[in-house]
Amino acid sequence: MSKAKPFSIAKREVWVAYKRVKANQGAAGVDKQSIEGFEEDLSNNLYKLWNRMSSGSYFPPPVRRVDIPKPDGRLRPLGIPTVSDRIAQMVVKRYLEPKLEPHFHPDSYGYRPGKSAIDAVGQASKRCWQAFWALDLDIKSFFDTIDHELLMRALRKHTDCKWVLLYIERWLTAPIQLPDGTLVEREKGTPQGGVISPLLANLFLHYALDKWMGRHFPSIPFERYADDVICHCASKKQAKYLLDSIKRRLVNCRLELNLQKTKIVFCKDSYRWGRYPTESFDFLGFTFKPRLAKNRDGEWFTNFAPGVSNKVAKAIRQTMRSWNLKRRTDKSLDDFARMFNPVIRGWINYYGSYYKSALYPTFQYFDFMLSKWASRKYRRLKGRQRRAWRWLRRIMQRQPDLFAHWDLLYSWAGR
């Protein structure tokens, strides 16, 4: 191999990585170049990226920071790499992921091929039926506090590929560019938003938590989706002991539990007696809590089950309000169905996976907005909310499939 190209990276790998990045879309980085802009000189841009990666002269540009509102009103910092940097990270991810995947724990669900958040929620639900107690863990600012030295030590257990190790070290220390243009150097953490970050985060917690749990608490099952973790315990005493042990373990891994959000939960149902201060927890957009359900004989009982969380339902209603239906009197119901059904179906497919009725009030709110729109659009309905609702109800009966949620909510509607 020539001295000019010390690393063997196939050009095809850069091409395949670009196709994956294009499919994922994403915002522009610090260079303000979109995917469309990158494609204006695609062959040259991909060649330059391959040439620099192969020669060891690729240095990642700063990562653009954006703050995304969270349902609780706080902000989540995301790091947006440039398009070319996302492609470079995808090249490394495609090399590294097949080497790491076979080692990961079966109950690690986040950002892994063939696993999903819904899988994690379903497994947690089953285990809450089996175990009386759950330990809901919250790791404080996990992505921002991952220790680089420990991460690289874990990485070297799985690869000695020089270019992979070189570029991951460079990505870990690439500066963050704040919205005002200020550059902030990084000594720890891997920014959420990077292509390689979820894989590195999984590797870190594989050693910090998953393998450690297998050695020290093999009888306690858990689900982990990135840094969201639920453990299932047979007793409150066991949950307290586990909490103290995990707290010490994370300190040794240079992480910290958020003790204000970490909690021990009693998974109450009809067959579990007693009252405790905490009988619910949130996991991946669902609230697990005692809920009324019917058994096969049609009898009501209390089941500890997941349903869409109040935070998520509030965020969905805020999104619906942002559509500003009542002012869009130039549109028809058919227009609204085409515009919003893909989003509504997405909500139903995910949050309707468990305890669908928890979604009903949110979609009823959308229908209320439709009736308000109708009372502004049609003169005969103007200012007459009840009449507008009756008008909408007749359409539901004639066209129950017009909106994705109508058949879910109104089973009486014309079938």
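(A) Broad picture of helix α14 (residues 385-398). With 14 residues, α14 should cover 20 Å at 1.5 Å per step; its first-to-last C-alpha distance of 20 Å lies within 8% of that length. In the core, the buried residues of α14 are packed alongside α12 (333-351), α13 (360-377) and α15 (406-409).

(B) Layout of the sheet that holds strand β5 (residues 183-184). Across the sheet, four strands lie side by side as β2-β1-β4-β5; this open sheet has mixed pairing. The sheet terminates laterally at β2 (75-80) and β5, the two strands that pair on one side only. Looking at chain direction, strand β1 (residues 63-69) and strand β4 (residues 176-177) are connected through two bridges and run parallel. Bridge pairing links Arg64 to Gln177 in β4.

(C) Inspection of a positive patch on the surface at higher detail. The grouping of Arg380, Arg384, Arg386, Arg387, Arg390, Arg394 and Arg398 at the surface amounts to a positive patch. Relative to the helices and strands, Arg384 resides in the loop between α13 and α14.

(D) Highlighting the packing of aromatic side chains. Tallied over the entire structure, the rule returns 31 aromatic pairs. For the ring pair Tyr111 and Tyr225, a centre distance of 5.5 Å and an interplane angle of 50 degrees mean the geometry is tilted. One end of the pair, Tyr111, is in the loop between α4 (83-100) and α5 (117-130); the other, Tyr225, is in strand β6 (residues 222-225), and 114 residues separate them in sequence. Under the relative-accessibility criterion, Tyr111 is labelled partly exposed at 43%. Residue classification places Tyr225 among the buried positions, given a relative accessible area of 17%. Geometry around Tyr109 places Lys115 over its ring, the cationic atom sitting 4.9 Å from the centre. Positioned above the aromatic ring of Phe59, the side-chain terminus of Arg170 is 3.7 Å from the ring centre.

(E) Summary view of the pairing of strand β7 (residues 228-233). The element β7 is extensively covered by neighbouring structure, given that five of its six residues are classed as buried. Sheet analysis places strand β3 (residues 133-138) next to β7, joined by six bridges and oriented antiparallel. Looking at β7, one finds that Asp138 is bridged to Asp228. The sheet contact formed by β6 and β7 spans four bridges and is antiparallel. Paired with Arg224 across the two strands is Val229, which belongs to β7. Where β6 hands over to β7, the hairpin turn is made up of two residues, of which Ala226 adopts a positive phi near 55 degrees.

(F) Inspection of α12 at higher detail. At Phe340, α12 shows its maximal kink, close to 50 degrees; a proline, Pro342, follows between one and four residues later. Buried within α12 are the following residues: Leu333, Phe336, Ala337, Phe340, Asn341, Ile344, Trp347, Ile348 and Tyr351. Along its buried surface, α12 packs onto β10 (286-294), β11 (300-308), α11 (310-322), α13, α14 and α15.

(G) Inspection of the side chain of Thr190 at higher detail. With respect to the element layout, Thr190 can be found in the loop between β5 and α9 (197-216). Here Thr190 falls in the buried class, since its relative accessible area comes to 3%. There is a polar contact of 2.7 Å between the side chain of Thr190 and the side chain of Ser197. With residues up to four places along the chain from it excluded, the contact list for Thr190 reads Phe143, Ile146, Leu172, Ser197 and Leu200.

(H) Structural context of the sheet that holds β11. Taken together, the three strands give an open sheet; going across it, the order is β9-β10-β11, and neighbouring strands pair in antiparallel fashion. A strand with exactly one partner marks an edge of an open sheet, and here the two such strands are β9 (281-283) and β11. Within this sheet the neighbouring strands show an average axis-to-axis angle of 50 degrees, counted without direction. As judged from the three bridges shared by β9 and β10, these two strands associate in the antiparallel manner. Note that in β10 the partner of Phe281 across the bridge is Phe288. Strands in contact with α5 are β9, β10 and β11; relative to β10, the strand with the most contacts, it is inclined by about 60 degrees.

Rules of the game
- Throughout this document, residue positions are counted from 1 along each chain, in the order its sequence is written.
- Local features in a predicted model are, by the rule used here, given only for residues with pLDDT of at least 70; side-chain atom pairs are given and counted only at 80 or more, and totals for whole chains, interfaces and linings are based on all residues.
- Side-chain measures here rest on the full set of heavy atoms in the structure, leaving out hydrogens and waters.
- Numbering of helices and strands runs from the N terminus; a helix is a DSSP stretch of H or I covering at least four residues, while a strand is a stretch of E covering at least two.
- Take the number of residues in a helix, subtract one, and multiply by 1.5 Å to get its expected span.
- Should any heavy atoms of two residues lie within 4.5 Å, those residues are considered in contact.
- When DSSP finds two or more bridges between two strands, those strands count as paired.
- Patch definition: residues above 30% relative accessible area lacking any salt bridge, with like charges linked at up to 9 Å and the nonpolar side chains Val, Leu, Ile, Met, Phe, Trp and Tyr linked at up to 5 Å.
- Accessibility throughout is a Shrake-Rupley quantity obtained with a 1.4 Å probe, and a residue counts as covered only by protein chains that appear here.
- What makes a salt bridge here is a side-chain nitrogen of Lys or Arg within 4 Å of a carboxyl oxygen of Asp or Glu, nothing more.
- When charges are tallied, Lys and Arg are placed among the positive residues and Asp and Glu among the negative ones, while His and the ends of the chain are skipped.
- Lysine's charge is taken at NZ, arginine's at CZ, aspartate's at CG and glutamate's at CD.
- Ring pairs are drawn from Phe, Tyr and Trp, using the six-membered ring of Trp, whenever the two centres fall within 6.5 Å, and their geometry is named by plane angle: stacked under 30 degrees, edge-to-face over 60, tilted for the rest.
- For every residue, the accessible area (1.4 Å probe, protein chains only) is compared with the maximum for its type, and the residue is labelled buried under 20%, exposed over 50%, or partly exposed between those bounds.
- Definition used: whenever NZ (Lys) or CZ (Arg) falls within 6 Å of the ring centre and also within 35 degrees of the ring normal, the charge is taken to sit over that ring.
- The seven residues ending at a residue and the seven starting there each receive a fitted axis; the angle between those axes is the bend at that residue.
- Within 3.5 Å is the distance limit for a polar contact, defined as a pair of N or O atoms, with the added protein rule that one can donate a hydrogen and the other accept it, and that residues adjacent in sequence qualify only through two side-chain atoms.
- Note on method: axes are straight lines fitted to C-alpha atoms, helices fitted across the in-contact stretch only, with angles between N-to-C directions ranging 0 to 180 degrees.

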